Amino acid sequence: MSDTLHLHYTVDGEDFTRAGEASAGVKKTLRQIGVSPDAIRRVAIVLYEGEINMVIHANGGVIDVDIAPDQIYMVLKDTGKGIADIELAMKDGYSTAPEEVRSLGFGAGMGLPNMKKYSDEMKIDSTVNVGTTVTMTVRLS
């Protein structure tokens, strides 16, 4: 696919102040190439939520984004502690974030539900003590 643009980001698991750099970078690129504001907003939301989850729960990870004419495909991969119960983790308000993270205003338990809500497709593969891979698609039609 020669008309696909690939972006790669590393998420630092030690720094909340840098969480959001990937979503901001992708948002800027999407604006520059003329993607619709609605699609940009949805991509920015799902990536930001994913980045925050990587910082809170997985000590960082990597994000790969493929921008094609008809869709934006995102893969967020970490080697964190994994998600023991994905169905429970998908419930609004459910959170395993520690109190120090909550005191910073993060960890309200809306990350995964928002990622599901604002993407057209989402899949979570997770193994406890191995890591998690979340794939999401936002269609541009």
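Calculation rules
Residues numbered from 1 in each chain as written. Predicted model: local features only at pLDDT ≥ 70, side-chain atom pairs only at ≥ 80, totals over all residues. Heavy atoms only, no water. Helix = DSSP H or I, 4+ residues; strand = E, 2+ residues; numbered from the N terminus. Contact = heavy atoms within 4.5 Å. Pairing = 2+ DSSP bridges. Core = buried A, V, L, I, M, F, W, Y, C linked by side-chain atoms within 4.5 Å. Buried < 20%, exposed > 50% of the residue type's maximum accessible area, 1.4 Å probe, protein only. 1 Å grid on protein atoms, 1.4 Å probe; cavity = no way out; pocket = protein on both sides within 12 Å on 5 of 7 lines; lining within 4 Å. Points joined across faces, edges and corners; volume = space filled by probe spheres on them. Nonpolar A, V, L, I, M, F, W, Y, C, P; charged D, E, K, R; others polar.

Peer 1: Before we move on, could you go through the environment of Thr 127 and cite the residues and values that matter?
Peer 2: Along the polypeptide, Thr 127 turns up in strand S4 (residues 121-127). Residues within four places of Thr 127 in sequence aside, it is in contact with Lys 81 and Gly 82.

Peer 1: Tell me what's going on with the pairing of S4, and back it up with residues and numbers.
Peer 2: Sheet analysis places S4 next to strand S5 (residues 131-139), joined by seven bridges and oriented antiparallel. Following the sheet pairing, Ile 124 is matched in S5 by Val 134. Connecting S4 to the antiparallel partner S5 that follows it, the hairpin turn spans three residues, and Asn 129 within it adopts a positive phi of roughly 65 degrees.

Peer 1: Got a sec to walk through the nonpolar core? Specific residues and values, please.
Peer 2: Ranked by internal contacts, the top residues of the largest apolar core, which has 34 residues, are Ile 63, Val 65 and Met 74. Contributing elements (two or more residues each) for this core: strand S1 (5-12), helix H1 (21-32), helix H2 (37-57), strand S2 (60-67), strand S3 (71-78), helix H5 (111-118), S4 and S5. For this core, the leading source of residues is H2, giving nine residues. With sequence-adjacent residues up to four places away left out, Val 65 is seen in contact with Leu 5, His 6, Leu 7, Val 26, Leu 47, Ile 72, Tyr 73 and Met 74.

Peer 1: Outline the layout of surface pockets, listing residues and values.
Peer 2: By volume, the largest pocket is sized at about 670 Å³. Top element by residues in the lining of the largest pocket is H2. It accounts for eight residues. Of the residues assigned to the lining of the largest pocket, the class counts are 20 nonpolar, 11 polar and four charged.

Just distances and angles here, no functional claims.
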